[in-house]
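# Observations on the model geometry
Spelled out from the first residue to the last, the chains are:
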Amino acid sequence: MKLTREFFVDEFRQVDNETLLQRIVANRLSDVAREAAAFVLAERGVVGEQLERDLVGAAKSSIRTSSVTNQCDHCGASVALGAVHDEGQKFCNTICLERARLDEIGIEIPGNAVRDHARSMRFAPCPRCGVRDNTVEAPATYTVVSYLTGARSDSGTAICCRRCGARHARGAAIVCALVGWWSLPGLFLTPAAIVQNLRESRRLDGHHEPTPELMLEARRALARRLLAERRGAASAAWSPRAPRRARAARDSADTPPQRSRDAGRRSPCR
Ligand SMILES: [Zn+2]
Ligand SMILES: [Zn+2]
């Protein structure tokens, strides 16, 4: 059967608006299906600003969903032990919780504002070595640590210059080579992690625009600032000392968290 636009239009006419919006923001529709979904929503009067508002609402509610499994609602790692619970959701730690909340706010920030901020981040001094001449990016690292009954693989990004990023990736490759092998899953995970680290140490060469990883960090930085402003505005409504407090909150929002390494994806393997 050929999956034509007409086929999807007929399918989507049987589906309510909320489900259609959720499917669009999940980003798993083909171009034809996406076009058909937009067509059906337009038939129902959901167009222009209304459509944009509804898509933002659907994207936010998808971040607020909680799986029935024991996986972190942000990164998908197992949270069998020591989960952090917040408003009906579970996270592997407070970093994932903060990132989920920032990603929710970040949906409201226009793409061109994020791009401008990412470009300004690229030419700021490196947060690690302080050198201004090396372009700042968000390089990733991959580590595998074996223990008696299994192995744990981690990946994450750090905001730093390419030179620091390459050094960091080589260090992670050495860690994998030393402690990654000593379990059955480690035997399979370690070579892949070492290759990814070595690739990462060269990946950022020749990039003239912010990578998607840096764009994500830029969006979160702006979301953190927006959140601080909102908290400042909320406290201004009830406290005579609020303007000073709001300024302090905004200043602290511009400072990245101490632990810049993302708890990105953690997948314990037993
Ligand atoms: Zn997590
Ligand atoms: Zn550096």
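Residues numbered from 1 in each chain as written. Chains lettered and ligands numbered in written order. Predicted model: local features only at pLDDT ≥ 70, side-chain atom pairs only at ≥ 80, totals over all residues.

Our next topic: the pairing of strand 5 (residues 150-157). Among the eight residues in strand 5, seven count as buried, and that is most of the element. Of the strand pairs in this sheet, strand 4 (residues 140-147) and strand 5 are connected by eight bridges, and their pairing is antiparallel. Counterpart to tyrosine 142 in the pairing with strand 5 is serine 155. Between the end of strand 4 and the start of strand 5, which pair antiparallel, lie two residues. (Buried ≥ 20, exposed ≤ 12 C-beta atoms within 10 Å, placed from the backbone. Helix = DSSP H or I, 4+ residues; strand = E, 2+ residues; numbered from the N terminus. Pairing = 2+ DSSP bridges.)

On to the packing of helix 2 (residues 17-25) against helix 3 (residues 31-43). Interaxial distance between helix 2 and helix 3 falls to 10 Å at its minimum, and their mutual angle equals 150 degrees. The angle between helix 2 and helix 3 places the two elements in the roughly antiparallel class. Seen along the crossing, helix 2 lies across helix 3 with a hand that is left-handed. Every residue of helix 3 that contacts helix 2 at Asn17, Leu20, Arg23 and Ile24 is listed here: Arg34, Ala37, Val40 and Leu41. (Axes fitted to C-alpha atoms, helices over the stretch in contact; angles between N-to-C directions. Parallel < 35°, antiparallel > 145°, perpendicular 65-115°, else oblique. Left-handed = near helix turned anticlockwise from the far one by under 90°. Contact = placed C-beta atoms within 7 Å.)

On to the confidence of the model for the chain, then. For the chain, mean pLDDT is 85; residues scoring 70 or higher make up 87% of the total. Within the chain, the element-level pLDDT minimum falls on strand 7 (residues 265-269), averaging 50, and the maximum on helix 6 (residues 111-122), averaging 94. (pLDDT = per-residue confidence, 0-100.)

Nonpolar side chains tend toward joint burial in soluble globular proteins. If you look at the biggest cluster of nonpolar residues, it comprises 16 residues, and the most contacted ones within it are Val136, Cys160 and Ala218. Here the element with the most residues in this core is helix 9 (residues 212-236); it accounts for five residues. Judged by nonpolar contacts, the second largest core, of twelve residues, contains Tyr142, Ala151, Ala173 and Ala193. (Core = buried A, V, L, I, M, F, W, Y, C linked by C-beta atoms within 7 Å.)

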